[in-house]
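Next come the chains, spelled out residue by residue.
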Amino acid sequence: MPRQSRDVVFVDGVRTPFGKAGSLYSETRADDLVVSCIRALLRRHPELPPERVDEVAIAATTQTGDQGLTIGRTAALLAGLPRSVPGYAIDRMCAGAMTAVTTTASGIAFGAYDVTIAGGVEHMGRHPMGEGIDPNPRIVAERLVDPSALVMGSTAENLHDRFPGISRQRADEFAAQSQQRVASAYAQGVIQESLVPIATRSAELGWGLATADEPPRPGTTVEALAQLRTPFRSHGRVTAGNAAGLNDGATACLLAAESVAEELGLPAAMRLVSYGFAGVEPEVMGVGPIPSTEKALRSAGLEMSDIGAIEINEAFAVQVLAFLDHFGLDPASDRINPYGGAIALGHPLASSGVRLMIHLARQFREHPEIRYGLTTMCIGLGMGGTLIWENPHHTEGADK
């Protein structure tokens, strides 16, 4: 008999505070970061019997050392889940956690799983981006890609070249807005509700407790950003101020079939509608969210005008602005990254997809008038990923 597809819901998501690479978590293992997130999810949802978790998918871009050894399985064991719960690792660079969600959500829709845990971790202080890689020389020798495609900051400069209307001034203005929005979200207690306190240790300072993100720079101004150097190109436009930093952190979320969530008494924060991944020229990887979003919209039978809330990863300000310009969206809109984004909070590569979902779920809760939202991000080597979600709190007859 043909299988009937099931609706999939995002139940809840948590994350560690994000640290600057090699700073806050310099003596903390990457796998311990994600284990803390899994344990927090289980504590937050005692109504979920641990043996009902069918799969644990954890992403890491640099799968070596304490981010290797099939981290989804080892994290499940370390978190105290029953040994009957399997797990695996995923790598789609920045969209690792996003892919962990889409992969296990597809399994839920198909009926292979009822409940899954998906997330990601990146300890860029311990495992710098590109550590241990050996790119096939034919990639450059046969001109499959321009060498700049292998340096993310250079791809952002290339994007400025392609879209000359996106000036450094505009990029700096967007970056300052991100910092201001994060500061405001902290002041309102928005960010803290999803953070898992992490015990830290330092040879100099001893034991501590991480309870807030380390990267934000409250009070950042456009004038101050204008003074920063451009490390990827002389007289360029990409700076440490209008790009995400190098960070350490982890995320995890609970997904379930909607019928199973109802059976177990699990809340439904969002309902997955569709998703899409797309490839673009690696030299301008930042445009990836444009075709992936168009693909996800087509699959859902929706238009951008139907989308009332957007969480887009801020790898670089120019990448976000290219996306918003393409769809005719206002960067100052309070429905686009209203709590700030990666430029201020940080971007521990493979973990960031779930952080976007956590923020979108909060938008849905605060705005029942919004029916549809999306999470999207650019991905190294020329890709984009987009998920479209429906608000289960939507008020019938509202505008969106």
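Residues numbered from 1 in each chain as written. Predicted model: local features only at pLDDT ≥ 70, side-chain atom pairs only at ≥ 80, totals over all residues. Heavy atoms only, no water.

### Examining the overall build of the protein chain
Inference 1: The secondary structure content of the protein chain amounts to 12 helices and 12 strands.
Inference 2: If one aligns the C-alpha atoms of the protein chain with their principal axes, the spans along those axes are about 60 × 55 × 50 Å.
Inference 3: Counting only residues that meet the buried cut, the protein chain has 58% of its 400 residues in that class.
Inference 4: Sequence-distant contacts, at least 24 apart, represent 80% of the contacts inside the protein chain between residues at least 6 apart. (Helix = DSSP H or I, 4+ residues; strand = E, 2+ residues; numbered from the N terminus. Buried < 20%, exposed > 50% of the residue type's maximum accessible area, 1.4 Å probe, protein only. Contact = heavy atoms within 4.5 Å.)

### Section: the packing of helix H1 (residues 30-44) against helix H2 (residues 71-78)
Inference 1: It is the contact of H1 with H2, at a shortest axis distance of 9 Å, that shows an interaxial angle of 60°. If you check the angle between H1 and H2, you find them oblique. Every pair of crossing elements has a handedness; the one defined by H1 and H2 is right-handed. For the pair H1 and H2, the contacting residues are Asp-31, Val-34, Val-35, Ile-38 and Arg-39 in the first and Ile-71, Ala-75 and Leu-78 in the second.
Inference 2: Partitioned by chemical class, the residues of the contact of H1 with H2 number six nonpolar, no polar and two charged. (Axes fitted to C-alpha atoms, helices over the stretch in contact; angles between N-to-C directions. Parallel < 35°, antiparallel > 145°, perpendicular 65-115°, else oblique. Left-handed = near helix turned anticlockwise from the far one by under 90°. Nonpolar A, V, L, I, M, F, W, Y, C, P; charged D, E, K, R; others polar.)

### As for the UniProt feature "domain: Thiolase N-terminal" (unreviewed entry) in the protein chain
Inference 1: Listed under "domain: Thiolase N-terminal" (unreviewed entry) in the UniProt record, and renumbered for this structure, are residues 8-259.
Inference 2: In this annotation, residues 8-259 is assigned 31% helix and 19% strand; the end-to-end C-alpha distance for the span is 9 Å. (UniProt positions renumbered as here; feature names shortened; annotations may be inferred.)

### Concerning unusual backbone geometry
Inference 1: Notably, Arg-143 is not glycine yet its phi reads approximately 55°, a positive angle.
Inference 2: For Arg-143, the location among the structural elements is in the loop between helix H4 (138-141) and helix H5 (152-162).
Inference 3: Taking the relative accessible area as the measure of exposure, Arg-143 reaches 75% and is therefore exposed.
Inference 4: Phi angles above zero are rare outside glycine, and Asn-337 is one such case at about 45°.
Inference 5: Looking at the secondary structure, you find Asn-337 in the loop between helix H10 (317-326) and helix H11 (342-345).

### So, the pairing of strand S4 (residues 87-90)
Inference 1: When strand S3 (residues 55-59) meets S4, the two strands line up parallel, connected through four bridges. Looking at the pairing, Ala-57 lines up with Tyr-88 of S4.
Inference 2: You can see the chain leave S3, run along H2 and come back into S4, and the turn it takes is right-handed. (Pairing = 2+ DSSP bridges. Right-handed = clockwise from strand over helix to strand, strands pointing away.)

### Here's the deal with helix H6 (residues 168-187)
An α-helix turns once every 3.6 residues. As a result, residues three or four positions apart point the same way.
Inference 1: A rise of 1.5 Å per residue sets the reference length of H6, with its 20 residues, at 28 Å; its end C-alpha atoms lie 29 Å apart and thus fit the reference within 8%.
Inference 2: The positive-phi residue at the C-terminal boundary of H6 is Gly-189, with phi of around 75°. (Expected span 1.5 Å × (residues − 1).)

### Concerning helix H3 (residues 96-110)
Inference 1: Compared with the 21 Å implied by 1.5 Å per residue over 15 residues, the 21 Å span of H3 between its first and last C-alpha is a close match.
Inference 2: The element H3 is largely enclosed, with a buried count of 12 among its 15 residues.
Inference 3: Backbone geometry just downstream of H3 places Gly-111 in the positive-phi region, at approximately 100°.

### Describing the pairing of strand S7 (residues 206-210)
Inference 1: Of the strand pairs in this sheet, strand S6 (residues 198-202) and S7 are connected by five bridges, and their pairing is antiparallel. If you follow Thr-200 over to S7, its bridge partner there is Gly-208.
Inference 2: Hairpin connection between S6 and S7: a loop of three residues separates the two successive antiparallel strands.

### Some thoughts on the state of the cysteines
Inference 1: Tallying each qualifying case throughout the model produces zero disulfides.
Inference 2: For Cys-253, which is in no disulfide, the shortest distance to another cysteine sulfur is to Cys-37 and amounts to 11 Å.
Inference 3: Judged by its relative accessible area of 0%, Cys-253 falls in the buried class.
Inference 4: Cys-378 takes part in no disulfide bond, and the closest cysteine sulfur, belonging to Cys-94, lies 6.2 Å away. (Disulfide = S-S within 2.5 Å.)

### Some details on the UniProt feature "active site" (unreviewed entry) in the protein chain
Inference 1: UniProt annotation of "active site" (unreviewed entry) refers to Cys-94, His-347 and Cys-378 when read in the numbering used here. What stands out for the annotated residues spanning 285 residues is how close their C-alpha atoms remain, the widest pair being 12.0 Å apart.
Inference 2: Locating Cys-94 in the fold gives a position in the loop between S4 and H3.
Inference 3: If we ignore the near neighbours within four places in the chain, the residues touching Cys-94 are Thr-61, His-347, Leu-349, Ala-350, Met-377, Cys-378 and Ile-379.
Inference 4: For Cys-378, the location among the structural elements is in strand S11 (residues 372-379).
Inference 5: Its relative accessible area of 1% is what places Cys-378 among the buried residues.

### Comments concerning a nonpolar patch on the surface
Inference 1: A contiguous nonpolar surface patch, about 390 Å² in accessible area, is contributed by Val-140, Leu-150, Val-151, Phe-232 and Leu-381.
Inference 2: Assignment of secondary structure puts Phe-232 in the loop between helix H7 (222-225) and strand S8 (247-257). (Patch = residues over 30% accessible without salt bridge, like charges linked within 9 Å, V, L, I, M, F, W, Y side chains within 5 Å. Areas by Shrake-Rupley, 256 points an atom, 1.4 Å probe, with all protein chains shown as cover. Salt bridge = Lys/Arg side-chain N within 4 Å of Asp/Glu carboxyl O.)

### Some words on the pattern of salt bridges
Inference 1: Enumeration over the complete set of coordinates arrives at 22 salt bridges.
Inference 2: One salt bridge in this structure joins Arg-138 and Glu-142, with 3.4 Å as the shortest N-O distance.
Inference 3: Judged by its relative accessible area of 44%, Arg-138 falls in the partly exposed class.
Inference 4: When its relative accessible area of 45% is taken as the criterion, Glu-142 is described as partly exposed.
Inference 5: Between Asp-172 and Arg-168 there is a salt bridge whose closest N-O contact spans 3.4 Å. Taken together, the residues span about one helical turn, with Asp-172 and Arg-168 both in helix H6 at a distance of four residues. The exposure classification of Asp-172 matches that of Arg-168, with both residues buried.
Inference 6: Through salt bridges with shared partners, one network takes in Arg-6, Arg-52, Asp-114 and Glu-263.

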